[in-house]
Amino acid sequence: MSEFDVVIIGSGPGGYVAAIRAAQLGFRTAIIEKYPTMGGTCLNVGCIPSKALLDSSEHFENAKRNFAEHGIEISELGIDLKKMVERKNSVVDQTTKGIAYLMDKNKITVYEGVGSFVSATEIKVTRKDNSSESIKTRYVIIATGSKPVSLPFITIDKERIITSTEALNLTQIPRHLLVIGGGVIGLELGSVYLRLGAEVTVIEYLDKITPGMDGALSKELLKVLKKQGMKFWLSTTVTKVERKGDKVIVEAKDKKGEVLSLEGDYALVAVGRRPYTDGLNLEAVKVKLDDKGRVEVNENLQTNIPNIYAIGDVVKGAMLAHKAEEEGIFVVESLAGQNPHINYNLIPGVIYTWPEVAGVGYTEEQAKEKGISYKVGSFPMRALGRSRASGDTDGFVKIIADEKTDEVIGFHMIGARAADLIADGVTAMEFRASAEDIARMSHAHPTYAEAVREAALDATEKRALHM
Ligand code: FAD
Ligand code: NAI
């Protein structure tokens, strides 16, 4: 039987990053993945394919709506959805092959098959053809990720009533896409098909979209998406989803209790994801799950069985690729006797709509809830020369700082390139910068980043320069 120091089950961003770091630290490392390609949800049916389609559809949107303003004339514009999806598949293919290369380069043994516990130190790998092999290990890291959830009365038929996975592979542009859930997936994939010409209606249970984001950003995003043509039913409870031939009927109750019936040709169910532990045979080792079905871990990401750890979407916390990566690194560095740390408050959240939305640290609502006395600085993108030059004038930067110390406690933005600019907020907050520290740093002109400096100036002394 082959023996390892660390065996990782699942090759998503949590698992494969943990494997690379473990190999770097000199551990004999193996990774088990049930699918033939590495990279998990994120690389195969999540982050990467969704961004590829978001980018393609954004090019189309720009050509359709914005080129003329820049003096660029196009006489005929068309969409080849098949080609767009093929390009997306090729981006996924290159990226997942890149992970296989990294496994090879770092001398990590890759097993293809379902990993399940025989004991705390023995894992069985069952291949597709039902043949199996067992391996021995000192430590195990469970990194089995998550799967989409549905509502009890919905049957996902994967054709017309779909999850994000199918929405990434449609063969036709929906005429009317009904999106159940106004969270990250609903708005990102809703944006893709809106840009490609679909009518898109979002039905959200709460009174706002993207709950969890700072309220001001959520409001602005709603306003901008409405301007782009997306339709919303907020405070609306879906009660029935029914397929009738090529149509889907969604019945719901709005906040006044009135019943509405919406007809579309596709319904995307995007109401969250659940931790995935099926097939692990956790019963054999009595690893505990919490009340939400997540693998229960302590502050060291260790389960109730001392040599078994768990990371990423399968444990508590934000279901984000970079959070899973941090946790993978944390676990193996801890095993190597190092003292890593993760500041969960500084894991940024990003929504890749256009404009992009990003936030890190406390939202204003959280600051209020925690009784922190705070001040807010903000600056609109439209006041920037850079934004006027590109035409991306929607959105703003909002910086929340401690009233007394001026330390930045929240950094939120909606606007062009917010997904990349949020790294500035993370750096500033990781080094416990004050708003004035940010305001005194030189920001290249003309850039979208200047809005960050201006918002910091506004937070410090209400002295933004260009307002
Ligand atoms: P996963 O990526 O889910 O990987 C788990 C792996 O374990 C899978 O490959 C699975 O096959 C394998 N596995 C499970 N059980 C077994 C077993 N018993 N044996 C062997 N293998 C097993 N996050 C972001 O940060 N940014 C984004 O832009 C983003 N976009 C997203 C878009 C979509 C449409 C979706 C669905 C998700 C998106 N996410 C994004 C979330 C992100 O994909 C997840 O947070 C991330 O993949 C979690 O990583 P993980 O390693 O915990 O698990
Ligand atoms: P989500 O949690 O972001 O949003 C789900 C939405 O559905 C919420 O607004 C919720 O109020 C609503 N909802 C729940 N029940 C409902 C009901 N019965 N009727 C109507 N609305 C209902 O979940 P989503 O969008 O499915 O994404 C899952 C996870 O994937 C997210 O937690 C996110 O972390 C991750 N993800 C991250 C991305 C990114 O970082 N850019 C992109 C896509 C996904």
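Residues numbered from 1 in each chain as written. Chains lettered and ligands numbered in written order. Predicted model: local features only at pLDDT ≥ 70, side-chain atom pairs only at ≥ 80, totals over all residues. Heavy atoms only, no water.

Here we come to the packing of aromatic side chains. Scanning the model with the defined rule gives one aromatic pair in all. Both rings, one in Phe4 and one in Tyr111, keep their centres 6.1 Å apart while their planes meet at 90 degrees; by these two values the pair is edge-to-face. Of this pair, Phe4 sits in strand β1 (residues 3-9) while Tyr111 is found in strand β3 (residues 109-112), placing the two residues 107 residues apart along the sequence. For Phe4, a relative accessible area of 9% corresponds to the buried category. The ring of Tyr276 carries Lys147 above its face, with NZ or CZ at 4.9 Å from the centroid. Looking at Arg160, its charged tip hangs above the ring of Tyr266, at a distance of 4.4 Å from the centre. (Phe/Tyr/Trp six-rings, centres within 6.5 Å; stacked < 30°, edge-to-face > 60°. Helix = DSSP H or I, 4+ residues; strand = E, 2+ residues; numbered from the N terminus. Buried < 20%, exposed > 50% of the residue type's maximum accessible area, 1.4 Å probe, protein only. Lys NZ or Arg CZ within 6 Å of the ring centre and 35° of its normal.)

Quick look at the environment of Ser131 now. Along the chain, the position of Ser131 falls in the loop between β5 (122-126) and β6 (132-142). Since its relative accessible area comes to 26%, Ser131 is described here as partly exposed. Each C-alpha atom, one on Ser131 and one on Ile8, is 20 Å from the other, the two residues being 123 residues apart in sequence. Among all residues touching Ser131, those that are not within four sequence positions of it are Val125 and Thr126. In this structure the side chain of Ser131 is engaged in a polar contact, spanning 2.7 Å, whose partner is the side chain of Arg127. At a separation of 2.6 Å, a polar atom in the side chain of Ser131 contacts the side chain of Asp129. (Contact = heavy atoms within 4.5 Å. Polar contact = N/O pair within 3.5 Å; in protein donor to acceptor, adjacent residues only side chain to side chain.)

What follows covers the site of ligand 2. With respect to spatial proximity, 21 residues lie near ligand 2, and among them Glu188, Glu204, Gly272, Met319 and Val350 are the closest. At a separation of 2.6 Å, an oxygen atom of ligand 2 approaches a polar side-chain atom of Glu204. The contact in question runs from a nitrogen atom of ligand 2 to an N or O atom on the backbone of Val350, over 2.8 Å. Bound to the protein, ligand 2 loses 78% of the 840 Å² it would expose on its own. For the shell around ligand 2, the leading source of residues is helix α6 (residues 184-195), giving three residues. Grouping the amino acids of the shell around ligand 2 by side-chain chemistry returns 13 nonpolar, four polar and four charged. (Near = heavy atom within 4 Å. Areas by Shrake-Rupley, 256 points an atom, 1.4 Å probe, with all protein chains shown as cover. Nonpolar A, V, L, I, M, F, W, Y, C, P; charged D, E, K, R; others polar.)

One open sheet holds the five strands; their spatial order is β8-β15-β9-β10-β11, and the pairing between them is parallel. A single partner strand is all that each edge strand has here, and the edge strands are β8 (161-162) and β11 (231-233). Pairing of strand β9 (residues 176-180) with strand β15 (residues 266-269), which is carried by four bridges, proceeds in the parallel orientation. Residue pairing across strands places Leu178 opposite Ala267, the latter belonging to β15. Helix-sheet contacts for α6 involve β9, β10 (199-203), β11 and β15, and the interaxial angle to β10 is about 165 degrees. (Pairing = 2+ DSSP bridges. Axes fitted to C-alpha atoms, helices over the stretch in contact; angles between N-to-C directions.)

Around ligand 1 sit 39 residues in total, of which Glu33, Thr41, Lys51, Gly115 and Asp313 are the nearest. Interatomic distance of 3.3 Å between a backbone N/O atom of Cys42 and an oxygen atom of ligand 1. Take Cys47: an N or O atom from its main chain is 3.5 Å from a nitrogen atom of ligand 1. In the complex, 95% of the free accessible area of ligand 1, which totals 990 Å², lies under the protein chains. Looking at the shell around ligand 1, the elements with two or more residues in it are α1 (13-24), β2 (29-33), α2 (40-45), α3 (47-66), β4 (114-119) and α8 (321-335). Residue contributions to the shell around ligand 1 peak at four residues, all from α2. Grouping the amino acids of the shell around ligand 1 by side-chain chemistry returns 17 nonpolar, 17 polar and five charged.

Take the state of the cysteines next. Disulfides are covalent bonds that connect the sulfur atoms of two cysteines. Counted under the stated rule, the structure contains one disulfide. Put simply, Cys42 and Cys47 are joined by a disulfide, and their sulfur atoms are 2.2 Å apart. On the sign convention where negative means left-handed, the S-S torsion of about -130 degrees between Cys42 and Cys47 marks this disulfide as left-handed. (Disulfide = S-S within 2.5 Å.)

Moving on: the sheet that holds strand β14 (residues 259-264). In space, the three strands of this open sheet follow the order β12-β13-β14, with antiparallel pairing throughout. The open sheet has two free edges, formed respectively by β12 (237-244) and β14, since each of these has just one partner strand. Across the sheet, the mean angle from the axis of one strand to that of its neighbour is 20 degrees, orientation sign disregarded. Strand direction decides the pairing type here: β12 and strand β13 (residues 247-253), joined by seven bridges, are antiparallel. Paired with Thr237 across the strands is Lys253, a residue of β13.

Taken as a whole, this structure holds 29 salt bridges when the rule is applied. Measuring nitrogen to oxygen at the nearest pair gives 3.3 Å for the salt bridge that ties Lys82 to Glu86. Of this pair, Lys82 and Glu86 both sit in helix α4 (residues 81-105), four residues apart, which is roughly one turn of the helix. Taken together, the shared-partner salt bridges in this structure form one network comprising Asp157, Glu159, Arg160, Arg243 and Asp246. (Salt bridge = Lys/Arg side-chain N within 4 Å of Asp/Glu carboxyl O.)

Right, let's get into the nonpolar core. Judged by nonpolar contacts, the single largest core of 53 residues is most densely connected at Met103, Phe117 and Ile141. Top contributing element to this core by residue count: α1, with seven residues. Residues within four places of Met103 in sequence aside, it is in contact with Tyr16, Ala19, Ile20, Ile31, Met38, Ile108 and Val110. The next biggest cluster of nonpolar side chains, apart from the first, holds 37 residues, and it includes Met84, Leu168, Tyr193 and Met213. (Core = buried A, V, L, I, M, F, W, Y, C linked by side-chain atoms within 4.5 Å.)

Looking now at the pairing of β13. Here β12 folds back onto β13, and the loop between the two strands holds two residues, one of which, Gly245, carries a positive phi near 65 degrees. Of the pairings in the sheet, the one linking β13 to β14 comprises six bridges and is antiparallel in character. Bridge pairing in β14 links Glu251 to Ser261. Between the antiparallel neighbours β13 and β14 lie five residues, among them Gly257 with a positive phi of about 90 degrees.

Read these as spatial facts, not as claims about activity.
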